[in-house]
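One-letter residues, chain by chain:
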Amino acid sequence: MSQTSASRFLIAATVIAAASCLAAGVTPLVTGASRAFTGSITTSGLLGVVFGARSVQLLRADGVVSLPPAVLTTIFGGWFMLAPLLYEVGFLPTAGTQLAGTLVATFGFYAVVAGLDGE
C-alpha cells in the first residue's frame, strides 16, 4: 500500500478516460464508418486503452498520477475529437467518437493537471 492515496474522483477520472478510449475505438465498428476511419480510430482506441489502463494502474499503485500515460491518454482524446472532421464521416460516427473524445480529453486533462499539482 502506498503512503499516499489518490482521491476517489481522481481514480474515477482515470478510469473514465480509459473506458472512453474503448468507447471511441468501438464506435466506428458499430456505426458502419469507412474502413480508413475505422482502422485509424480502432487502432488509436486500443493504444488509448493501453495508456489509460497504465495510468489507472500506476495511480492505484503509487497514489500519484504518472504524467507520461496521463498525457498520452489526453492526446488520444484530442485525436478522437478531431479525426471525424478530417475523415468526413457521417453523423453517428462523428457524434460517438467526439463524445468519447471529449470524455477522454476532459478527464485525462484533469489527471494531468492533478499530477502537475502534486495531488
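That block above? That's the structure.
Residues numbered from 1 in each chain as written. Predicted model: local features only at pLDDT ≥ 70, side-chain atom pairs only at ≥ 80, totals over all residues. Heavy atoms only, no water.

### Thoughts on helix H1 (residues 8–31)
Definition in use: Runs of E in the DSSP output that reach at least two residues are strands. Runs of H or I that reach at least four are helices, and both are numbered from the N terminus. Each helix should span, by expectation, one fewer than its residue count multiplied by 1.5 Å. In this scheme, the bend at a residue equals the angle between the axes fitted to the seven residues that finish there and the seven that begin there. For every residue, the accessible area obtained with a 1.4 Å probe (protein chains only) is divided by the maximum for its type, and the residue is called buried under 20%, exposed over 50%, and partly exposed between those limits. Note on definitions: a residue-residue contact is assigned when non-hydrogen atoms from the two residues lie within 4.5 Å.
Under the 1.5 Å per step criterion, the end-to-end length of H1 is 33 Å for 24 residues, consistent within 8% with the ideal 34 Å. Of all the bends in H1, the greatest, near 25°, is centred on Gly25, and the proline Pro28 appears no more than four residues after it. Buried within H1 we find Leu10, Ala13, Thr14, Ala17, Ala18, Ser20, Cys21, Ala24, Gly25, Thr27 and Pro28. The elements touched by buried residues of H1 are helix H2 (35–62), helix H3 (67–87) and helix H4 (91–117). The positive-phi residue at the C-terminal boundary of H1 is Gly32, with phi of around 70°.

### Describing the nonpolar core
The condition is simple: Think of a nonpolar core as a cluster: buried Ala, Val, Leu, Ile, Met, Phe, Trp, Tyr and Cys residues, connected wherever their side-chain atoms sit within 4.5 Å.
Judged by nonpolar contacts, Cys21, Ala24, Ala33, Phe37, Ile41, Phe76, Phe80, Ala83, Val89, Ala100 and Val104 together constitute the single largest core of 11 residues. Contributing elements (two or more residues each) for this core: H1, H2, H3 and H4. At 3 residues, the largest contribution of residues to this core is made by H3. Not counting residues up to four positions away in its chain, the partners in contact with Phe80 are Cys21, Ala24, Ile41, Ser44, Gly45, Thr97, Gln98, Gly101 and Val104. In this structure, Val65, Ala70, Ala111 and Val112 belong to the second largest nonpolar core, which totals 8 residues.

### A look at empty space enclosed by the protein
Put simply, the rule is: The rule is simple: put a 1 Å grid over the protein atoms alone, call a set of points where a 1.4 Å probe fits but cannot get out a cavity, call an open set with protein on both sides within 12 Å along at least five of seven lines a pocket, and count a residue as lining if it has an atom within 4 Å of a point. Grid points are joined across faces, edges and corners, and a volume is the space filled by probe spheres set on the points.
Overall, the coordinates contain 1 cavity of 30 Å³ or more when judged by the stated rule. By volume, the largest cavity amounts to about 50 Å³. In terms of lining, the largest cavity is formed by Ala13, Thr14, Ala17, Gly52, Ser55, Ala70, Thr73, Phe107, Gly108 and Ala111. The set of elements that each furnish at least two residues to the lining of the largest cavity consists of H1, H2, H3 and H4.

### Quick look at the side chain of Thr73
By the element assignment, Thr73 lies in helix H3. What Thr73 contacts, discounting residues up to four positions off in sequence, is Ala17, Cys21, Gly48, Phe51, Gly52 and Val104.

### Quick word on the packing of H1 against H4
Put simply, the rule reads: Axis definition: a line fitted to C-alpha atoms, over the contacting stretch in the case of helices. Angles run 0 to 180 degrees between N-to-C directions. Here is the rule for angles: anything less than 35 degrees is roughly parallel, anything more than 145 is roughly antiparallel, 65 through 115 is roughly perpendicular, and the remaining ranges are oblique. Each crossing gets its handedness from the near helix: less than a right angle anticlockwise from the far helix is left-handed, clockwise is right-handed. Under the convention adopted here, Pro, Cys and the residues Ala, Val, Leu, Ile, Met, Phe, Trp and Tyr are nonpolar, Asp, Glu, Lys and Arg are charged, and Gly plus all remaining residues are polar.
Direction vectors running N to C along H1 and H4 enclose 160°, while the axes themselves pass 8 Å from each other. When the axes of H1 and H4 are compared, the pair comes out roughly antiparallel. Here the hand of the crossing between H1 and H4 comes out left-handed. Classifying every residue of the contact of H1 with H4 by side-chain character gives 18 nonpolar, 7 polar and no charged.

Any functional reading would require information that these geometric values do not contain.
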